[in-house]
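Descriptive structure summary
Take a look at the letters that make up each chain.
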Amino acid sequence: MSNLTATALSCANIAFIKYWGNRNNELRLPSNGSISMNLDGLFTRTTVSFQPSLPFDELIINGREVTGKGLSRVSYILDLVRETAGINLNAEVMSENNFPAGAGIASSAAAFSALALAASRAVGLTLTEAQLSRLARRGSGSASRSIPPGFVEWKMGTGDDDSIAESIAPPEHWNLVDCVAVVNAAHKKTGSTEGHAIAGTSPLQNARLEDTPRRLDICRSAILNKDFETFANIIELDSDIMHSVMMTSNPPLMYWQAATVGIFHAVREWRASGLPVGYTVDAGANVHVLCLGDHAREVEKRLREMPGVSNVLIAGVLAERRRSCNLSNCGSISFQRAGSAGFI
Ligand code: PMV
């Protein structure tokens with residue numbers, strides 16, 4: 001890496017048991033553990049280039065320069081990398097997504113995991129999966145889960161060193177597909193960083209946290225046993241509990257729209273009539289409808305017919321799907337690591 005430049009590709013992930021609230025906001029140490037699946041169809045590609053001629057860090061996302069808070073958050077990760085590597089150069093960061101950012105589709109998870117990989121590699125650091133997961137977490141908690149492959153659990157840990165994510169099952173373990181019903185592709189007004197900070201103001205957050213180990217156990221076992229019915233019930237419960245906390249925070253956060261709730265009703269009816277589907281929603285209005293791979297086309301078709309759905313994005317956990325990449329100048333992609341995230 002003599003030219004201090006590296007490019008990395010990383011995927012979004014969808015949480016089945018959600019992370020909401022930090023016990024340390026600066027270090028992004030979560031108030032609870034979480035479980036997710038990586039989304040191979042939805043990714044960010046980031047190039048980091050440290051250059052002696054740059055007077056400050058520069059950030060370009062999807063061709064547009066970003067300054068202010070967005071840039072500071074990226075510089076914070078670059079500072080951690082500079083400190084570890086013992087260098088003092090500013091960097092240009094160029095990032096591109098193939099899905100809407102800031103709309104509850106975990107764009108920050110893909111973005112900060114790709115940034116952690118590219119920045120550390122650009123300065124010649126060879127970090128372990130655990131070290132990368134920890135570094136990505138400092139930019140966005142959910143990004144820690146986009147580093148290991150497949151189905152992933154992020155443990156609360158006791159501190160900065162051990163609050164990291166690990167695979168609980170490889171991608172080929174279970175052919176689950178996420179059909180993301182886009183009802184609002186606009187950037188949300190209140191991001192998750194602000195949301196985490198007020199989670200404790202909800203009178204429901206403590207009850208949510210107390211019950212989380214139970215939900216984690218149920219969800220982990222359902223994934224390991226490929227028990228879809230139990231899986232669908234627990235992800236819906238967990239998502240509904242998190243949104244109950246959001247809605248009862250001060251100030252209240254209401255991410256759902258009418259179309260969001262319409263999809264909840266439809267998904268439950270479809271499941272009752274035998275279609276293996278379940279829903280979950282992140283900090284946005286868009287609904288992630290999880291299904292078994294064989295049913296993805298049918299689910300997509302039904303979602304497209306729903307009122308208020310402007311698009312449906314399909315993302316599986318299977319590694320082969322990574323080839324169906326859709327970025328403007330992506331070309332063919334090959335990975336240097338077997339994990340979810342890697343270098344190109
Ligand atoms: O990593 P953040 O700060 O973008 O928070 C993610 C929060 C949720 O998407 C709502 C839940 C999760 O665990 O991904």
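Structure's up top.
Anyway, here's the lowdown on the structure attached to this text.

Rules and cut-offs
Residues numbered from 1 in each chain as written. Predicted model: local features only at pLDDT ≥ 70, side-chain atom pairs only at ≥ 80, totals over all residues. Heavy atoms only, no water. Salt bridge = Lys/Arg side-chain N within 4 Å of Asp/Glu carboxyl O. Helix = DSSP H or I, 4+ residues; strand = E, 2+ residues; numbered from the N terminus. Buried < 20%, exposed > 50% of the residue type's maximum accessible area, 1.4 Å probe, protein only. Near = heavy atom within 4 Å. Polar contact = N/O pair within 3.5 Å; in protein donor to acceptor, adjacent residues only side chain to side chain. Areas by Shrake-Rupley, 256 points an atom, 1.4 Å probe, with all protein chains shown as cover. Nonpolar A, V, L, I, M, F, W, Y, C, P; charged D, E, K, R; others polar. Domains from an automatic or database assignment. Core = buried A, V, L, I, M, F, W, Y, C linked by side-chain atoms within 4.5 Å. Contact = heavy atoms within 4.5 Å. Pairing = 2+ DSSP bridges. Axes fitted to C-alpha atoms, helices over the stretch in contact; angles between N-to-C directions. Phe/Tyr/Trp six-rings, centres within 6.5 Å; stacked < 30°, edge-to-face > 60°.

Using the criterion set out here, one finds 19 salt bridges in the structure. Residues aspartate 161 and arginine 134 are paired through a salt bridge, measuring 3.0 Å at the closest nitrogen-oxygen approach. In this pair, aspartate 161 is assigned in the loop between strand S8 (151-154) and strand S9 (165-169) and arginine 134 in helix H3 (residues 129-139), connecting sequence segments 27 residues apart. The class of aspartate 161 is exposed, set by a relative accessible area of 57%.

All right, on to the site of the ligand then. As a structural note, the neighbourhood of the ligand is formed by 14 residues, with Tyr19, Ser140, Ser142, Arg145 and Ser192 the closest of them. Between the ligand and the protein, one listed contact pairs an oxygen atom with a side-chain N or O atom of serine 140 at 2.8 Å. When the free accessible area of the ligand is taken as 380 Å², the share hidden by the protein chains comes to 95%. Class assignment of the residues belonging to the shell around the ligand gives a composition of five nonpolar, six polar and three charged. Residues lining the shell around the ligand come from more than one domain, with at least three contributed by each of domain 1 (5-172 + 323-343) and domain 2 (176-316).

Further remarks concern the nonpolar core. Of all hydrophobic cores here, the largest spans 30 residues; its most connected members are Phe16, Met37, Leu42, Phe151, Leu176, Ile223 and Phe231. Elements with a minimum of two residues in this core: strand S1 (5-17), strand S4 (34-51), strand S10 (176-182), helix H5 (205-224), helix H6 (228-247) and strand S13 (311-316). The biggest single contributor to this core is H6, with five residues. Counting contributing residues, this core receives three or more from each of domain 1 (5-172 + 323-343) and domain 2 (176-316). Excluding its chain neighbours within four sequence positions, the residues that come into contact with leucine 176 are Phe16, Met37, Phe151, Phe228, Phe231, Cys291, Leu292, Gly316 and Val317.

Moving on to the sheet that holds S13. Read across the sheet, four strands follow the order S11-S12-S10-S13 without closing on themselves; strand pairing throughout is antiparallel. Looking at the sheet topology across the chains shown, the edges are occupied by strand S11 (277-280) and S13. Averaged over all pairs of adjacent strands, the angle between their axes in this sheet comes to 25°, without regard to strand direction. As paired strands, S10 and strand S12 (residues 287-292) are joined by six bridges and run antiparallel to one another. Residue valine 180 lies in a different strand from S12, and its bridge partner there is histidine 288. H6 rests against S10, S11 and S12 of the sheet, and its axis sits at about 20° to S11.

A separate point is the packing of aromatic side chains. The final tally for this structure, using the stated rule, is seven aromatic pairs. The interplanar angle of 70° and the centroid separation of 4.7 Å between the aromatic rings of tyrosine 19 and tryptophan 154 together place this pair among those described as edge-to-face. Separated by 135 residues along the polypeptide, tyrosine 19 in the loop between S1 and strand S2 (22-24) and tryptophan 154 in strand S8 bring together distant segments of the chain. Each ring, one from phenylalanine 264 and one from tyrosine 279, has its centre 4.0 Å from the other, and the planes form 15°; the classification is stacked. Of this pair, phenylalanine 264 sits in helix H7 (residues 258-272) while tyrosine 279 sits in strand S11, and the two are 15 residues apart along the sequence. For phenylalanine 264, a relative accessible area of 7% puts it in the buried group. By relative accessible area, which is 1% here, tyrosine 279 ends up buried. These aromatic residues form a ring-pair network of at least three members: Phe16, Trp174, Phe228 and Phe231.

One can find methionine 94 in strand S7 (residues 90-97). For the pair methionine 94 and isoleucine 61, spaced 33 residues apart in sequence, the C-alpha separation works out to 6.0 Å. Excluding its chain neighbours within four sequence positions, the residues that come into contact with methionine 94 are Arg45, Thr46, Thr47 and Ile60.

Omega for the peptide link from asparagine 250 to proline 251 comes to 0°, which places this bond in the cis form. Along the chain, proline 251 falls in the loop between H6 and H7. Phi at arginine 28 is positive, roughly 55°, even though this residue is not glycine. Structurally, the position occupied by arginine 28 is in the loop between S2 and strand S3 (29-30). The backbone of asparagine 62 shows a phi angle near 50°, a positive value even though the residue is not glycine. Tracing the chain through its elements places asparagine 62 in the loop between strand S5 (58-61) and strand S6 (64-66).

This part takes up the pairing of S5. As paired strands, S5 and S7 are joined by four bridges and run parallel to one another. The partner of glutamate 58 across the bridge, within S7, is glutamate 92. The pairing of S5 with S6 spans three bridges and is classified as antiparallel. Among the inter-strand pairings, isoleucine 60 is bridged to a residue of S6, identified as glutamate 65.

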